[in-house]
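Now for the letters of each chain:
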Amino acid sequence: MIGIDSWRGFAPGRWQHDIDVRDFIQKNYVPYTGDSNFLTPLSENNQALWLQCSALREAERLNGGVLKIDTSRPAAIDSHPPAYIDRERELIVGLQTDEPLKRAVNLYGGLRNARQACEAYGCQLDADLDEFFRRHRRTHNDGVFAVYTDEMRQARRAGIITGLPDAYGRGRIIGDYRRVALYGTDRLIRQKERERETMPRAMSPERLRHREELYDCITALTQLQQLGESYGCDLSRPAATAHEAVQWLYMAYLAAVRQQNGAAMSLGRNSAFLDIYIERDMAEGRLDEAGAQELIDQLVMKLRLVRQLRTPEYNELFAGDPNWITESLGGTGIDGRTLVTRTTFRLLHSLENLGAAPEPNLTILWSRHLPPAFMDYCARLSIRTCALQYENDDLMREYYGDDYAIACCVSPMRLGREMQFFGARCNLAKLLLYAINGGRDELSGQQIGPEMTVYPGHTLDYDEVMRRFALQLDWLADLYLNTMNLIHYMHDRYSYESLQMALHDPEPYRWMAFGIAGLSVLLDSLSAIRYARVSAIRDERGLVTGYHTEGDFPTFGNDDDRVDLLAGEVLSMFLERLRQHPAYRHAQPSLSVLTISSNVVYGKKTGSTPDGREKGTPLAPGANPLHGRERHGAMAAMNSVSKIPYRYARDGISYTFSIVPSALGHTEEEQVKNLTALLHGYFAQEGQHINVNVVHLETLKEAMEHPEKYPDLTIRISGYAVHFTRLSREHQEEIIMRTFYQSR
């Protein structure tokens, strides 16, 4: 009973003997069904601390987006000594480097990338480090490009597959950071040692790799413990107070973001867990409501200061400098009890105490069983801040139970029991053009896909186009999956997430996530070919580079089954083909309809399409209809998106919904009521995800011209939020092109 003092007053259960955080939560949490009236304002101490943080953030902005870079040492769990913002005011301690907002170089992900990132901000990577890694230490990025085939390189360069984690950390692995607070590192280390000792004796290649990874996990937990010691925290034992529970959890997360520059470093699902400690401390008289909010606000402050050093190429794909520190809130337990607690409210209240911000990426797990007061509070915050996204807990709970969390933007997985091999996305709108042009790229003219004749006729026939598309899809699924196998083999070998994986069960279930861009453009193009008359226009090379369309055709986003139901057909075709190929480490393929902000980059690399979209213009973000194509209002568009079958896209279906405030009502109470009704209706039809922006278009236009007036203007763009003024002009213009509904 290692936690006999730390676990005082907790209801006993299986969690005491096995590592089982869910069992601990279910036995001990107190659901909260009340309103937000108990919340307290920002404390004087935190107000002073946040002013210092805000000054640092403003200095960072004025310095071109990066304040400082440590070019002298590779980032690691134990790479930097303790540092503080204001030691006297900090209750929750720990920074990534030896100064706030100083960025470290992650060399294990890629030497070339680290070098380019330094140079982009006027720095030079330390010459000795550069030489050592160049001569003696292969990195993930080097390993990938050492074994890429010419076909993979060509597909990547052409933009048929883009955003692969070959040049950055893959992310989307959620360490169950709660385990450090509940059990302490000593217990976790012993568990990993037992796993190693009980492995079969036969040394197959897989078992050898597993043994080495377990060794690395034990090393990472030891380094985490030492990191805690450097800040005066004894992480070897379980947390004994709410203060320690928050600190231990954050310290584990800090170790993860020190070690990995992942594309998405999600936090997990922590509010019910932390609330158990807070409730106990309040009952014992050691904490009051103001003190509880002070702890949560400081945790959020620290999360808002997380920074990674990335290349301009990365920033073009994933605009706004995001980290996707996704925290999942709410939902309903399998037993029917709400998982909303007072601390769920406290985390959301940080948006009022500290102001709107993209991080942490607060995600509401929406259920028809949520307390009405909580629903109203979330809707009110969406209207005031545009900082929340919503996901369908009633839909996902059937697949993942009640202790899952969202990785990155829309991707659910059971905490500590599942992980994901992330794989960016392919461009299905462009693949349709390959089908028409016999596998040749419509821009470069190169033969990229399987060689076929260029479409021979003048008028495109739907059945023939689909036959050719299916053949190109066969090729793409095979190439995409093998490229992913290669990338993740190299990432495991050269940049393994040992701290995050140390906070997982033995041999977790593995997903391999494949993403789709350009879905609505593909659907509209197929609809045009099927219901209108689309004629091919050829250039001097004989390639089809333009289209002439006669007649009307239904477009995605208008609640028309003729086009909407094509989405399920395409997704099932793709998923079926992916499943025909063996995935690395026996991973199960899954699909997402998600572009992040790379719909702009994808559009640049895609020629004109049969739906009338012009060459080089942006694709729609995620599962959205193409800009301006929704002619029947918000509800019709939501109905179209909700028809995309989740069973074919279990990695998530990202939908960004923007509406002007007056369209929801004349008063805030009306707006709250109507937004809640819209969310209920969308999720009742099995929509999986929705970003909510309630904002005047004129506000965004003014922020483009006067960014200094809107430093904290937050807007959701595709599964995550950004400070609007940190986006490039090109990305800002693309957001303004999107449909902002004037009515419901």
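Placed above this text is the structure.
Below you will find a few notes about this structure. (Residues numbered from 1 in each chain as written. Predicted model: local features only at pLDDT ≥ 70, side-chain atom pairs only at ≥ 80, totals over all residues. Heavy atoms only, no water.)

1. So, the overall build of the protein
Argument step 1. Looking only at helices and strands, the protein has 27 helices and 19 strands in total.
Argument step 2. By the compact-globule yardstick of 27 Å for 744 residues, the protein fits well, its C-alpha radius of gyration being 25 Å.
Argument step 3. Judged by the C-alpha coordinates and their principal axes, the protein covers about 80 × 65 × 50 Å.
Argument step 4. Relative to its 744 residues, the protein shows a buried fraction of 67%.
Argument step 5. Looking at the protein alone, contacts between residues at least 24 apart form 78% of all its contacts between residues at least 6 apart.
Argument step 6. Surface summary for the protein: the accessible area is close to 25200 Å², and the carbon and sulfur share equals 48%.
Argument step 7. Charge centroids of the protein, computed over 84 positive and 98 negative side chains, lie 3 Å from each other. (Helix = DSSP H or I, 4+ residues; strand = E, 2+ residues; numbered from the N terminus. Rg over C-alpha atoms; globule rule 2.2 N^0.38 Å. Buried < 20%, exposed > 50% of the residue type's maximum accessible area, 1.4 Å probe, protein only. Contact = heavy atoms within 4.5 Å. Areas by Shrake-Rupley, 256 points an atom, 1.4 Å probe, with all protein chains shown as cover. Lys, Arg positive; Asp, Glu negative; His and termini not counted. Charge placed at Lys NZ, Arg CZ, Asp CG, Glu CD.)

2. A closer look at the pattern of salt bridges
Argument step 1. Summed over all chains, the structure comprises 69 salt bridges.
Argument step 2. Arg135 is the partner of Glu131 in a salt bridge, and the nearest nitrogen-oxygen pair spans 4.0 Å. Pair noted here: Glu131 and Arg135 are both in helix α4 (residues 127-136), with a separation of four residues, about one helical turn.
Argument step 3. Taking relative accessible area as the criterion, Arg135 reaches 56% and is therefore assigned exposed.
Argument step 4. Among the ionic contacts, a cluster of salt bridges with common partners joins Arg14, Asp20, Asp23, Lys27, Asp176, Arg178, Arg179, Asp403, Arg417 and Asp505. (Salt bridge = Lys/Arg side-chain N within 4 Å of Asp/Glu carboxyl O.)

3. A closer look at the sheet that holds strand β17 (residues 689-694)
The strands making up a sheet associate through backbone hydrogen bonding, with each pair oriented either parallel or antiparallel.
Argument step 1. On the basis of which strands lie adjacent, the open sheet formed by five strands has the order β4-β5-β6-β17-β16 and mixed pairing. Among the strands making up the open sheet, the edge pair consists of β4 (326-330) and β16 (656-659). Geometrically, the sheet is characterised by an average inter-axis angle of 30° between neighbouring strands, direction not taken into account.
Argument step 2. As judged from the four bridges shared by strand β5 (residues 361-366) and strand β6 (residues 389-392), these two strands associate in the parallel manner. (Pairing = 2+ DSSP bridges. Axes fitted to C-alpha atoms, helices over the stretch in contact; angles between N-to-C directions.)

4. Regarding the nonpolar core
Argument step 1. The biggest cluster of nonpolar side chains holds 234 residues, and the ones touching the most others in it are Phe273, Leu348, Tyr390, Leu499, Phe574, Ile690 and Phe724.
Argument step 2. With 17 residues, the single largest contributor to this core is helix α17 (residues 462-494).
Argument step 3. With near-sequence residues (within four places) excluded, Phe273 lies in contact with Val21, Phe24, Ile25, Arg178, Ala181, Leu182 and Leu249.
Argument step 4. Among the nonpolar cores identified, the runner-up in size contains twelve residues, and Leu107, Ala114, Leu125 and Leu309 belong to it. (Core = buried A, V, L, I, M, F, W, Y, C linked by side-chain atoms within 4.5 Å.)

5. Points about the packing of helix α13 (residues 342-353) against helix α14 (residues 372-385)
Argument step 1. It is at 11 Å that the axes of α13 and α14 come closest, and there the two elements cross at 20°. It follows that α13 is roughly parallel to α14 by the angle criterion. Helix-helix and strand crossings are classified by hand; for α13 and α14 the assignment is left-handed. Within the contact between the two elements, α13 uses Thr344, Phe345, Leu348, His349, Leu351 and Glu352 and α14 uses Ala373, Phe374, Tyr377, Cys378, Leu381, Arg384 and Thr385. (Parallel < 35°, antiparallel > 145°, perpendicular 65-115°, else oblique. Left-handed = near helix turned anticlockwise from the far one by under 90°.)

6. Describing the pairing of strand β8 (residues 411-414)
Argument step 1. Note: strand β7 (residues 404-407) against β8, four bridges, orientation antiparallel. When the sheet's bridge partners are listed, Ala405 is paired in β8 with Met413.
Argument step 2. Taking the residues that link successive antiparallel strands as the turn, the β7-β8 hairpin has three residues, and the phi of Cys408 there is positive, at about 65°.

7. Considerations on helix α9 (residues 242-259)
Side chains three or four residues apart in an α-helix point the same way, a direct result of the helix having 3.6 residues per turn.
Argument step 1. Here α9 contains 18 residues, and its C-alpha end-to-end distance of 26 Å stays within 8% of the 26 Å for a straight helix at 1.5 Å per residue.
Argument step 2. Within α9, 17 of the 18 residues are buried, leaving the element largely enclosed by the surrounding structure. (Expected span 1.5 Å × (residues − 1).)

8. Observations regarding the packing of helix α7 (residues 178-197) against helix α8 (residues 205-230)
Argument step 1. Where α7 meets α8, the axes come as close as 10 Å, and the angle between the chain directions of the two elements is 155°. Taken together, the axes of α7 and α8 are roughly antiparallel relative to one another. Crossing geometry of α7 relative to α8 is assigned as left-handed. For the pair α7 and α8, contact is made by Val180, Thr185, Asp186, Leu188, Ile189, Lys192, Glu193, Glu195 and Arg196 and by Arg211, Leu214, Tyr215, Ile218, Leu221, Thr222, Leu224 and Gln225, respectively.
Argument step 2. Split by residue class, the contact of α7 with α8 holds eight nonpolar, three polar and six charged. (Nonpolar A, V, L, I, M, F, W, Y, C, P; charged D, E, K, R; others polar.)

9. A word on the packing of aromatic side chains
Argument step 1. Per the counting criterion, the structure on display carries 37 aromatic pairs.
Argument step 2. A network of ring pairs unites the aromatic residues Trp7, Phe10, Trp15, Phe24, Tyr183, Phe273 and Tyr277 as a single cluster.
Argument step 3. If you follow Arg342 out to its NZ or CZ, it ends over the ring of Phe38, 4.7 Å from the centre.
Argument step 4. In this structure, Arg647 is placed above the aromatic ring of Tyr648, and the distance from its NZ or CZ to the ring centre is 4.7 Å. (Phe/Tyr/Trp six-rings, centres within 6.5 Å; stacked < 30°, edge-to-face > 60°. Lys NZ or Arg CZ within 6 Å of the ring centre and 35° of its normal.)

10. Some thoughts on helix α11 (residues 289-304)
Argument step 1. The terminal C-alpha atoms of α11 lie 23 Å apart, and with 16 residues this matches the ideal 22 Å at 1.5 Å per residue to within 8%.
Argument step 2. Most of α11 is tucked away: 15 of the 16 residues are buried.

11. A short note on the pairing of β4
Argument step 1. Burial of β4 is extensive: five of the five residues sit out of reach of the surface.
Argument step 2. Alignment of β4 against β5, held across five bridges, turns out to be parallel. Across the sheet, residue Glu327 finds its bridge partner in β5, namely Leu362.
Argument step 3. Chirality of the crossover, the property in question, places the unit of β4, α13 and β5 among those that are right-handed. (Right-handed = clockwise from strand over helix to strand, strands pointing away.)

12. Examining the side chain of Thr71
Argument step 1. Among the structural elements, Thr71 can be located in strand β1 (residues 68-74).
Argument step 2. Side-chain polar atoms of Thr71 contact the backbone oxygen of Gln124, separated by 3.5 Å.
Argument step 3. Aside from chain neighbours lying at most four places away, what touches Thr71 is Cys118, Cys123, Gln124, Leu125, Asp126 and Leu129. (Polar contact = N/O pair within 3.5 Å; in protein donor to acceptor, adjacent residues only side chain to side chain.)

Remember that the coordinates give geometry; whether it matters functionally is a separate question.
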